[in-house]
Amino acid sequence: MNRHQMTLLWTTAKETALGNILSYTYCVCILLTSFLTLFMIWLLSYFKGEMILEHVTAIFLFTQMIPMLYISMRTNATFSGELEKHTMDILISLPIKRWALFTGKLLGIILIVPFLILIPIGLFVIILNIVIGTLPNILCLIIIQFTALMLLSAISIVPISALISIIFKKIVYSLTASASYLMVMIITSPTLLQINDASQYHINYALAFAMPYYNLMAGMISMQYCIFVEPGLYLLSICYIITVGIIGTFVFRRLEL
Amino acid sequence: MNKRFIIISLLVLSFICVSTGNVMAQNISIGISDSNGQDITLEHHAFIGENIHLNITMTNDDGTNMTNLHYLLILIADGYGSGGYYNPKQNETQIASSLLNQSKNMENSYKISPKKSVDISKIAIGESILLQYNITIKTAGRWNLYLFERTMQGIITIKSLIIIVERNIPNYLPSSTFILPLIPSSILASIIYYVKRKNKHGSVG
């Protein structure tokens, strides 16, 4: 891991991030997520009643779907797209090691994630401030914790989509596989949660590790019961990103073009 | 009934009275009224930032003088979950302590003046004491006002009240708020357009 490779890695990350941010689809994604946030606020009628915590977490969960799908799509376009168009061949022929190229591209996509999550949440906070006045410290704490978990869950989608992309190579197949993984995860996650009674819940950590959306839902449940996200869930997300990232790097190093 | 039984019964009774302390001994009636002198029995409606003036009258209905009383007034907003703070298995003192913790996490949303806790040295038999509070709530929602008493055994709730703080905007978002998502997106779109145009001209030049 020399300095030159690190410079190339950073250049790749920067170029990938800029290429992804400077696209109108990125704007559309932010716009759609923001609109969905607003729509959910409207639908839940500003959290009237006694379910503020449930409503806040539900809004975050629903709005998370669009960034997740978008991130998966962009990752597929970055890896499978380049493999299909054979531009990846040119990149590999450059004096950059494969691990640096893969990690750089991965990092580049990860860099675009925060805006996708933070802009709609910022909007959510502004609207909430207008409607209900000063946000209590407890609500700020809830939003911060859940935002952190949302960021990690969204980032988790990047390495897994990259791995799927380099395995399937063709963009059609990789997109289908990634979308299927996401849809199955989103649909099955609520059914996999185990809530025993009013004072007990059980998180399946194996599922939380394998499915970032389940992790997010588990975070929501732990938030509703204890006002804080279980620290283990953050750790699981980080482990997932690192593990899948490493597997992806090994697969990419052995990749036949 | 022999003498020994009476003495033992009296001893047991006095022990129960002493052990339950202030909880048993104090029989206090509490009345809460607003600035107009109207009684608030169950709930009170207010607006964000409105100054709510509360008069709490405490009357000693007990047969003895009450001494060293410590009262505490707190506010808790509904809707932030009860898990982790209290559960049905907890006793009254534990619940009160949990409520206190919950209230601390919302301290930035309300202001109680002159101060939350009041120490009263004595309330004589039949005497009434008036406590005056000014409350300002900065967050809309359903708030629970609790008046606690600190006793030897712990904290007990002696009075609770609901304060409903109306929101700034009534039900359903006004259409103008739907412009908000367009702001960051249009800014970003403009930046993209500008950068792409600049790059295009740069490559031509």
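Look above for the structure.
Here's what I pulled together on the structure shown here. (Residues numbered from 1 in each chain as written. Chains lettered and ligands numbered in written order. Predicted model: local features only at pLDDT ≥ 70, side-chain atom pairs only at ≥ 80, totals over all residues. Heavy atoms only, no water.)

1. Notes on the overall build of chain A
Basically, it comes down to this: Runs of E in the DSSP output that reach at least two residues are strands. Runs of H or I that reach at least four are helices, and both are numbered from the N terminus. Relative accessibility decides the category of a residue: with a 1.4 Å probe and only protein chains considered, values under 20% of the type maximum give buried, values over 50% give exposed, and everything between is partly exposed. Note on definitions: a residue-residue contact is assigned when non-hydrogen atoms from the two residues lie within 4.5 Å. For the area figures, the Shrake-Rupley method with a 1.4 Å probe applies, and any residue is considered shielded solely by the protein chains shown.
A count of helical and extended segments in chain A gives ten helices and two strands. The order of helices and strands in chain A, counted from the N terminus, is α-α-α-α-α-α-α-β-β-α-α-α. With respect to the principal axes defined by its C-alpha atoms, chain A has extents near 60 × 35 × 35 Å. Taken over 257 residues, chain A has a buried fraction of 55%. Across chain A, contacts joining residues at least 24 apart in sequence account for 81% of those joining residues at least 6 apart. Total accessible area computed for chain A in this model is approximately 10900 Å², and 73% of it derives from carbon and sulfur atoms.

2. Details of the side chain of N215(A)
Residues and elements named next belong to chain A. Checked against the element boundaries, N215 lands in helix α9 (residues 212-226). By relative accessible area, N215 is classed as buried at 1%. Other than its neighbours up to four places away in sequence, N215 contacts L149, A208, L233, L236 and S237.

3. Description of the pairing of strand β8 (residues 141-151) of chain B
It is a general feature of regular strands that their side chains alternate between the two faces of the sheet. Residue and element names in this part refer to chain B. For the record, the criterion: Any two strands with at least two DSSP bridges between them are considered paired.
Within β8, eight of the eleven residues are buried, leaving the element largely enclosed by the surrounding structure. Relative to β8, strand β4 (residues 66-77) runs antiparallel, the two being bridged by eight bridges. In the strand pairing of β8, L73 is matched with L147. Two elements, β8 and strand β9 (residues 154-166), share eleven bridges in a ladder whose sense is antiparallel. Counted as the bridge partner of Y146 is S160 from β9.

This is a description of form; function is not addressed.
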